[in-house]
Amino acid sequence: RGMVFTDVRYTNEGTYIQRLGGLIVEIERPDTTHVDPVVRQHPSENYTGPVDATIINTGSLSQFHAQTLALVEIHYGPPGQPPQLHDHLDTSTSG
């Protein structure tokens, strides 16, 4: 059974998830307003732990869903196959 953690803030959390076979995905949305600089200084807002893949989210919600599903399939492979882990995946799409 799978689980999704929507927010990983500390290195030990990311490391633990990876040890259990999980995938740490960073989601970047370049066109969003930046977080308040005072808030950004807090350690929980500056994750520096392991990241297995990055999704550049610049499209529609349906494009984001497609990127996410593609990433899961790339990482875990087709059903019944052993998982494959790549050092870094960029699933960005134009448009």
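1. A short note on the pattern of salt bridges
Link 1 in the chain: For the structure on display, the rule yields 1 salt bridge.
Link 2 in the chain: The partner of D7 in a salt bridge is R9, with the nearest N and O atoms 2.8 Å apart.
Link 3 in the chain: Looking at D7, the relative accessible area reads 44%, which means it is partly exposed.

2. Describing helix 3 (residues 61–76)
Link 1 in the chain: The first and last C-alpha atoms of helix 3 sit 23 Å apart over 16 residues, in line with the 22 Å expected at 1.5 Å per residue.
Link 2 in the chain: Looking at helix 3, one finds that the buried residues are F64, Q67, L71 and H75. Along the axis of helix 3, the buried positions cluster into a sector of 60 degrees, meaning they face one direction only. Exposed residues lying more than 90 degrees from the buried face of helix 3 are S62, L69 and E73.

3. Considerations on the nonpolar core
Link 1 in the chain: Core analysis: the largest hydrophobic core is formed by 5 residues, namely L23, A53, I55, F64 and L71.
Link 2 in the chain: At the level of secondary structure, the elements contributing two or more residues to this core comprise strand 2 (53–56) and helix 3.

4. With respect to the confidence of the model for the protein
Link 1 in the chain: Model confidence for the protein is summarised by a mean pLDDT of 77, while 75% of its residues fall at 70 or above.
Link 2 in the chain: Overall, residues 86–95 carries pLDDT values under 50, and its contacts beyond four positions in sequence, including any with other chains, amount to 25 contacts.

5. Here's the deal with the environment of A53
Link 1 in the chain: Locating A53 in the fold gives a position in strand 2.
Link 2 in the chain: Note on A53: relative accessible area 0%, which makes it buried.
Link 3 in the chain: The sequence separation of A53 and L23 amounts to 30 residues, and the corresponding C-alpha distance is 7.8 Å.

Conventions adopted
Residues numbered from 1 in each chain as written. Predicted model: local features only at pLDDT ≥ 70, side-chain atom pairs only at ≥ 80, totals over all residues. Heavy atoms only, no water. Salt bridge = Lys/Arg side-chain N within 4 Å of Asp/Glu carboxyl O. Buried < 20%, exposed > 50% of the residue type's maximum accessible area, 1.4 Å probe, protein only. Helix = DSSP H or I, 4+ residues; strand = E, 2+ residues; numbered from the N terminus. Expected span 1.5 Å × (residues − 1). Arc of directions from axis to C-beta. Core = buried A, V, L, I, M, F, W, Y, C linked by side-chain atoms within 4.5 Å. pLDDT = per-residue confidence, 0-100. Contact = heavy atoms within 4.5 Å.

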